[in-house]
Amino acid sequence: MDIQQASHAPWQKMIQQCFLSLYELPDDKITDSDHFQGYDFVFEFSGATIYLLVNTVVMQANRQEVDNPRVREWRKEVVNQLIKRHAQIYQKNDSLIVDRNTVTTDKAVYFIGLTSLSINHQDDQLGHSSYAVGYEYGSRFFAEDCVLDLDDEQSILQVFSHQNFVDILNQLVTPSDLTTFLDFHRRQLSSFVSFQNESTLLKQFLQSPDFHHRAIRVQEQLIDNELIEQVELRLLKAVEPNQNVYADALMAEMQKNTRMWFKLFNSVLERYYEAGRPLPNEQVDILVDESMYTYACLVEKILAYRTMDQDSRWNGYVRHEHSYHVFGRHYLMVFYAQDDSSSLSAENVRLSYKDLLSDINVQLQEPVMDDLFLLGVEFRPCEDSVNTEVYLDIFHQAGSLIDESTQRLYDRLAQLQAQL
């Protein structure tokens, strides 16, 4: 057995092909006293830190030697080594463990172990060949073959195969959705809940109330602050018992809309970069760290443009949306007017977006929002087809508290505008 701990090539490729690349800490930050030392990769999200241990395992074996019991033994040995390595590293960080136990922090911590298993064959007739072994673990494996330390839920090492974790990242395309699943997975382990494998557990998670409860909690906060009247009915239906078919259909629609959102969002980032005014990293982080449900709602409003009457398209119109991931994030969606003289034309909005965001900030004072985004949406006919292209502008302003005199001034201006 050839075990290559922290062989970065396949893992770096995995990181570079998903959102994790935005959050990977460089070596100089990994060594900060605020982080656990000794892990192969560290990712810092807005609300969580993920520590990764990896094993790239290459087996030398004849074809006749490879069968299910043998592969199970290899997996057992590899995972046990990961578990021991995690335990040793974790204990070496005892001072940070004490600090974390005495200081209240909102930032969650996850420890992930990943394994990659491939087999090299040397055959006299066929020569040398190699292939990766696809596998998953499931709860039974950890109950019988590799016993995890479940005494402290926060320090549990959550183990996945490389292929399985890539699939999880592809389906949970945002940090917030990933960490929600990691919470769900860790609870199943610590509660000794039986699950066949991680893919089955992921499907169960996507159908479960756990996935939608975040969005419901945010809406309940908005109701408490009289910003909306009720929780969306489809969210309530999705968490009802025996609604798997409905939940599956809703999830499929969300994933489709999320893919559309990222295609649109990536085109914005590329366009801004090529124009020499890249979107600030802080804003990119906020927008990437949304939930799939938020993306779905944003895209739904964009798609609804097709059903709008001609007057609305000609004069432009505004829609409001909020984050379903965190309370305190608000989106003003301006659908640009076809009439260039309209106050909602693309040119006028690009010149006056600060005033528009300031107006929204005035309206959202009880409580003050954390982040306000203006999304300018423009529909242009394709030059070489009958299709329509969508272009997006992104503007941001942090929410801020305004004093009473400024509030009175805004109120007076609003009254004057209403009289015009």
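Just so it is clear, the structure is predicted and the values come from calculations on it, not from any experiment.

1. Focus: the overall build of the chain
- Helix and strand content of the chain: 16 helices and ten strands.
- For the chain, the residues scored as buried account for 47% of the 420 residues in total.
- Considering only contacts within the chain whose residues lie at least 6 apart along the sequence, 68% involve residues at least 24 apart.
- Carbon and sulfur atoms provide 47% of the accessible area of the chain, an area that totals close to 22,000 Å².

2. Thoughts on the confidence of the model for the chain
- Summary statistics for the chain give a mean pLDDT of 85 and a share of 86% for residues scoring 70 or more.
- A low-confidence stretch, residues 1-6 stays under pLDDT 50, and its non-local contacts, those more than four residues away or across chains, total 23 contacts.

3. Let's talk about the side chain of Arg186
- Examined against the element boundaries, Arg186 turns out to sit in helix α7 (residues 175-190).
- A polar contact is formed between the side chain of Arg186 and the backbone oxygen of Val109, at a distance of 2.9 Å.
- Among residues more than four places away in sequence, those in contact with Arg186 are Val109, Tyr110, Glu153, Gln154, Ile156 and Gln158.

4. Let's talk about helix α9 (residues 209-224)
- Its 16 residues place the ends of α9 21 Å apart at the C-alpha level, agreeing with the 22 Å of an ideal helix rising 1.5 Å per residue.
- Along α9, the residues that are buried comprise Phe211, His212, Arg214, Ala215, Ile216, Val218, Gln219 and Leu222.
- Contacts made by the buried residues of α9 are with α7, α8 (198-207), α10 (233-238), α11 (244-274), α13 (292-303) and β7 (317-322).
- Once α9 finishes, Glu226 follows within two positions and takes phi at roughly 60°, a positive value.

5. Considering helix α12 (residues 281-288)
- For α12, the complete set of buried residues consists of Gln283, Val284, Ile286, Leu287 and Val288.
- Lining the buried residues of α12 we find α7, α11, α13, β8 (329-335), β9 (371-381) and β10 (388-398).

6. Some remarks on the sheet that holds β9
- Strand order in this open sheet of four strands is β7-β8-β9-β10, and the pairing throughout is mixed. Looking at strand neighbours, the two that pair on one side only are β7 and β10, the edges of this open sheet. Strand-to-strand twist of the sheet, defined as the mean angle between neighbouring strand axes without regard to direction, takes the value 20°.
- Where β8 meets β9, seven bridges bridge the pair, whose relative direction is parallel. Note that in β9 the partner of Tyr331 across the bridge is Phe373.
- Sheet strands in contact with α12 are β8, β9 and β10, and its direction is about 85° off that of β9.

7. Structural notes on the packing of α11 against α13
- Two elements in contact, α11 and α13, have axes whose closest approach is 8 Å; the angle formed by their N-to-C orientations is 75°. One element, α11, and the other, α13, form an angle in the roughly perpendicular class. Along its contact with α11, which presents Met251, Met254, Gln255, Asn257, Thr258, Met260, Trp261, Phe262 and Leu264, the element α13 presents Met292, Tyr293, Tyr295, Ala296, Leu298, Val299, Glu300, Ile302 and Leu303.
- The class makeup of the residues in the contact of α11 with α13 is 14 nonpolar, three polar and one charged.

8. As for the pattern of salt bridges
- Under the counting rule described, the total for this entry stands at 15 salt bridges.
- As a salt-bridge pair, Lys107 and Glu44 come within 3.0 Å of each other at their nearest N and O atoms. Placement of the pair is Lys107 in the loop between α4 (94-102) and β4 (108-123) and Glu44 in strand β2 (residues 41-44), with a sequence separation of 63 residues.
- Note that Arg234 is salt-bridged to Glu300, the shortest N-O span being 2.7 Å. Of this pair, Arg234 sits in helix α10 while Glu300 sits in helix α13; the two residues are 66 residues apart in sequence, bridging distant segments of the chain.
- On the accessibility criterion, Arg234 (23% relative accessible area) is partly exposed.
- Residues joined in a network through salt bridges with shared partners are Arg271, Arg350, Glu378, Arg380 and Asp393.

Rules used throughout
Residues numbered from 1 in each chain as written. Predicted model: local features only at pLDDT ≥ 70, side-chain atom pairs only at ≥ 80, totals over all residues. Heavy atoms only, no water. Helix = DSSP H or I, 4+ residues; strand = E, 2+ residues; numbered from the N terminus. Buried < 20%, exposed > 50% of the residue type's maximum accessible area, 1.4 Å probe, protein only. Contact = heavy atoms within 4.5 Å. Areas by Shrake-Rupley, 256 points an atom, 1.4 Å probe, with all protein chains shown as cover. pLDDT = per-residue confidence, 0-100. Polar contact = N/O pair within 3.5 Å; in protein donor to acceptor, adjacent residues only side chain to side chain. Expected span 1.5 Å × (residues − 1). Pairing = 2+ DSSP bridges. Axes fitted to C-alpha atoms, helices over the stretch in contact; angles between N-to-C directions. Parallel < 35°, antiparallel > 145°, perpendicular 65-115°, else oblique. Nonpolar A, V, L, I, M, F, W, Y, C, P; charged D, E, K, R; others polar. Salt bridge = Lys/Arg side-chain N within 4 Å of Asp/Glu carboxyl O.

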